[in-house]
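Each chain, letter by letter, is given below.
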Amino acid sequence: MKRYVVLSILVLSFLTMLFSGMKISVTKAAPDTGKSVEHETDLSTDLLSVVLIENGEETEDELLSDLADLDTMELGLTYKEEIAAKNDGDYDEYVRAVVRKYFTDEEGKETTDVDLDYIVLVPADDSNWKINRKESTAERTVYYLLSPLDAGETSGLLFKGLRIDPAVKDEYKIDIDETETGKTYTYTYRYDGLDVNVEIEMQSVQCAKGKSELNQAAILSVWGVENVKVSGDDLSIE
Amino acid sequence: MKKTMNKVTKIIACLALLACTFLVCEKTGITGAYFSDHTEAKGSVPLILSYKTELKEIDDEGNKNIGIKNTGEIDVIVRVRLFGVDALPEGTVSYEYDEDLWVLEDDGYWYYKKILPAGEQTEAGLKVIVDPDKAPEEDFEITVVVETERVVYETETTLVKPDGWTYVPEGGN
């Protein structure tokens, strides 16, 4: 009988832990990592947090706020756009940035068949952020901060500016209208009137210093990447 | 009865084993549950590439006072060339201009020394004065050609020199 009591306590403990975990897991949606994370269970976000820093200020939702009043971007001019991540939580964390750039037309629709290399996010001179080519495309680039970001700390700059490659003006067609007084040349530029769009998502996962095996499992589980390796506490990209 | 009890015992034992495994995993950190967070922001800026300028030529008692207005939405740089002057007797044509605004380069073009912002006109025109005493009696024609290029920055304070141009103003926003 005593044996049943002990076993029953153990079973009840298990069920309590199991159900408490499930209850918490459905209150927080998993981050969009572009890969399946159905097996992931987020327990809480209260103690782990990352914020996006733009030109020294925390920002939510809105980006390029300093450029909001521009009628147009000048070609070749680098506009200040200093981007970093800040750990405003209580735990150390690994951070990655998912960056999207694209053009939209006057109706706000994303344009296709355009060269996105004309939108240049100027990297910082001495950056500890590194691109994971295996996750990146012309439109979407994934950057990893190679060292964990300690609680309360702000990372080095990911970008220092935004610029439009002047070569964007070289894509045009000419219509020539001949009149009695001469010729009128009308240039129609491929990228004229489009909007330049930038989206940045900062993602973080908890770092338990000195536990590289656990950290490796966390990165694989949350971000679904296999070529980002934990060595010591730092990351490397294969 | 004893057989049923054994079965219950086995089930409870299995659950207990699972509970222990969970506890061990939790303590050693081998678990599928990790803290994570994310935040995102986005923004956009317009890009305008087309531009328009108008020649504002004022006929001032037979002289030409050349001004240019930027009627487009982007900043431009300007240069002007006059054709037909070389065919006239020497000294027929002279120029009156503000040296801070216009410069004649060796390629024969007059360059406006400032960026011409969208919606604005050259601060002072390039005045072409014809001396009637030296001008030929027969009709002659001076043709004004205005060329504009959109501003392209090389650095924050310098502009890219368009092909064929020998002068560009200083930049700076």
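Residues numbered from 1 in each chain as written. Chains lettered and ligands numbered in written order. Predicted model: local features only at pLDDT ≥ 70, side-chain atom pairs only at ≥ 80, totals over all residues. Heavy atoms only, no water.

### Details of the sheet that holds strand β4 (residues 76–83) of chain B
Residue and element names in this part refer to chain B. Stated precisely, the cut-off is as follows: Whether two strands pair comes down to DSSP finding at least two bridges between them. Under the DSSP-based scheme used, a helix requires at least four consecutive residues in state H or I and a strand at least two consecutive residues in state E, with every element numbered from the N terminus. Between the N-to-C directions of two axes lies an angle of 0 to 180 degrees, each axis being a line fitted to C-alpha atoms and, for a helix, fitted only over the stretch in contact.
The strand order across the open sheet formed by four strands is β6-β7-β4-β9, and the pairing between neighbours is antiparallel. The sheet is open, and its two edges are formed by β6 (102–104) and β9 (143–150), each paired on a single side. Between one strand axis and the next, the sheet turns through 25° on average, direction left out of account. Pairing analysis gives eight bridges linking β4 to β9, with the strands arranged antiparallel. In the strand pairing of β9, Val76 is matched with Arg150.

### Thoughts on the layout of surface pockets
Note the following rule: Whether a set of points on the 1 Å grid over the protein atoms alone is a cavity depends on a 1.4 Å probe fitting there but being unable to get out, while an open set qualifies as a pocket with protein on both sides within 12 Å along at least five of seven lines; lining residues are those with an atom within 4 Å of a point. Grid points are joined across faces, edges and corners, and a volume is the space filled by probe spheres set on the points. Throughout this entry, Asp, Glu, Lys and Arg are counted as charged residues, while Ala, Val, Leu, Ile, Met, Phe, Trp, Tyr, Cys and Pro are counted as nonpolar. The remaining residues, Gly among them, count as polar.
Its volume calculated, the largest pocket comes out at about 1000 Å³. Lining the largest pocket are 28 residues; nearest its centre among them are Tyr185, Tyr187 and Tyr189 of chain A together with Tyr51 and Thr148 of chain B. For the lining of the largest pocket, the secondary structure elements donating two or more residues are β11 (182–189) of chain A together with β2 (53–60) and β9 of chain B. For the lining of the largest pocket, the class distribution of residues is 13 nonpolar, five polar and 10 charged.

### What about a negative patch on the surface?
This is how the line gets drawn: Like charges are joined within 9 Å and nonpolar side chains (Val, Leu, Ile, Met, Phe, Trp, Tyr) within 5 Å, but only among residues with over 30% relative accessible area and no salt bridge; these make up the patches. Each accessible area value is a Shrake-Rupley result obtained with a 1.4 Å probe; residue values ignore everything except the protein chains displayed when judging cover. Only one rule defines a salt bridge in this text: a Lys or Arg side-chain nitrogen within 4 Å of an Asp or Glu carboxyl oxygen. In this tally, Lys and Arg are treated as positive and Asp and Glu as negative; His is ignored, and so are the chain termini. Throughout, a charge is located at the NZ atom of Lys, the CZ atom of Arg, the CG atom of Asp or the CD atom of Glu.
The grouping of Glu60, Asp61 and Glu62 of chain A together with Glu40 of chain B at the surface amounts to a negative patch. With respect to the secondary-structure elements, Glu60 of chain A resides in the loop between β2 (57–59) and β3 (61–62).

### A look at the pairing of strand β8 (residues 140–145) of chain A
Residue and element names in this part refer to chain A. So the rule is basically this: A 1.4 Å probe rolled over the protein chains alone gives each residue an accessible area, and that area as a share of the maximum for its type sets the label: buried under 20%, exposed over 50%, partly exposed in between.
The element β8 is extensively covered by neighbouring structure, given that five of its six residues are classed as buried. Taken together, the three bridges between strand β7 (residues 129–131) and β8 define a ladder with antiparallel strand orientation. Paired with Lys130 across the strands is Tyr144, a residue of β8.

### As for the pairing of strand β4 (residues 79–87) of chain A
All names here are of chain A. Pairing of strand β1 (residues 50–54) with β4 involves five bridges; the strand directions are antiparallel. Paired with Val50 across the two strands is Asn87, which belongs to β4. Across three bridges, β4 lies against strand β9 (residues 159–164) in antiparallel orientation. Across the sheet, the residue bridging to Lys80 is Gly161, located in β9.

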